[in-house]
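Descriptive analysis of the structure
Residues per chain, in single letters:
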Amino acid sequence: MKTLSRHLADHFPDVYSTRVEPQSDGYLVVRVGFRSSGAVATRMMSGRQVQDGLLVETMLEDMRNELAGL
């Protein structure tokens, strides 16, 4: 699988801001937000979880749904 940052960039249009922040404990904080409103959805996942493409797609869909409801 591509890096998570590249995956986010490829699957979210420019109206979204995306960021992956590596943490010292090995986890990744994933932030997806609307540039115009400032609404942000945040998830935390382990580096191992990133290797599971289905899990990543499920997480991204959950974040899209969360932002659509705001």
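What counts as what
- Residues numbered from 1 in each chain as written.
- Predicted model: local features only at pLDDT ≥ 70, side-chain atom pairs only at ≥ 80, totals over all residues.
- Heavy atoms only, no water.
- Axes fitted to C-alpha atoms, helices over the stretch in contact; angles between N-to-C directions.
- Helix = DSSP H or I, 4+ residues; strand = E, 2+ residues; numbered from the N terminus.
- Parallel < 35°, antiparallel > 145°, perpendicular 65-115°, else oblique.
- Left-handed = near helix turned anticlockwise from the far one by under 90°.
- Contact = heavy atoms within 4.5 Å.
- Phe/Tyr/Trp six-rings, centres within 6.5 Å; stacked < 30°, edge-to-face > 60°.
- Buried < 20%, exposed > 50% of the residue type's maximum accessible area, 1.4 Å probe, protein only.
- Lys NZ or Arg CZ within 6 Å of the ring centre and 35° of its normal.
- Pairing = 2+ DSSP bridges.

1. A closer look at the packing of helix α1 (residues 4–11) against helix α2 (residues 53–68)
Look at α1 against α2: their axes get within 12 Å of each other, and the N-to-C directions meet at 50°. Classified by the interaxial angle, the pair formed by α1 and α2 is oblique. For α1 against α2, the interelement crossing comes out right-handed. Contacts between α1 and α2 involve Leu-4, His-7, Leu-8 and His-11 on the former and, on the latter, Val-56, Glu-57, Leu-60 and Arg-64.

2. A closer look at the packing of aromatic side chains
Under the counting rule described, the total for this entry stands at two aromatic pairs. An angle of 75° between the planes, with centres 5.0 Å apart, marks the rings of Phe-12 and Tyr-16 as edge-to-face. The pair Phe-12 / Tyr-16 is uniform in exposure class, with both members buried. Residues Tyr-16 and Phe-34 carry aromatic rings whose centres are separated by 4.8 Å and whose planes lie at 25° to one another, so their mutual orientation is stacked. Within this pair, whereas Tyr-16 is found in strand β1 (residues 16–22), its partner Phe-34 is found in strand β2 (residues 27–34), the two being separated by 18 residues in sequence. For Tyr-16, a relative accessible area of 15% translates into the label buried. Here the aromatic residues Phe-12, Tyr-16 and Phe-34 are joined through ring pairs into a cluster of three or more. Of note, Arg-64 hangs over the ring of Phe-12, and the distance from its end group to the ring centre comes to 4.6 Å.

3. Re the environment of Leu-67
Here Leu-67 is to be found in helix α2. The class of Leu-67 is buried, set by a relative accessible area of 1%. Distance in space between the C-alpha atoms of Leu-67 and Ala-39 is 7.0 Å, their sequence separation being 28 residues. Aside from chain neighbours lying at most four places away, what touches Leu-67 is Tyr-16, Val-32, Gly-33, Phe-34, Ala-39, Val-40 and Ala-41.

4. Quick notes on the pairing of β1
When β1 meets β2, the two strands line up antiparallel, connected through seven bridges. Within the sheet, the bridge partner assigned to Thr-18 lies in β2 and is Val-32. Linkage of β1 to β2, two consecutive antiparallel strands, is achieved through a turn of four residues, within which Gly-26 is found at a positive phi near 95°.

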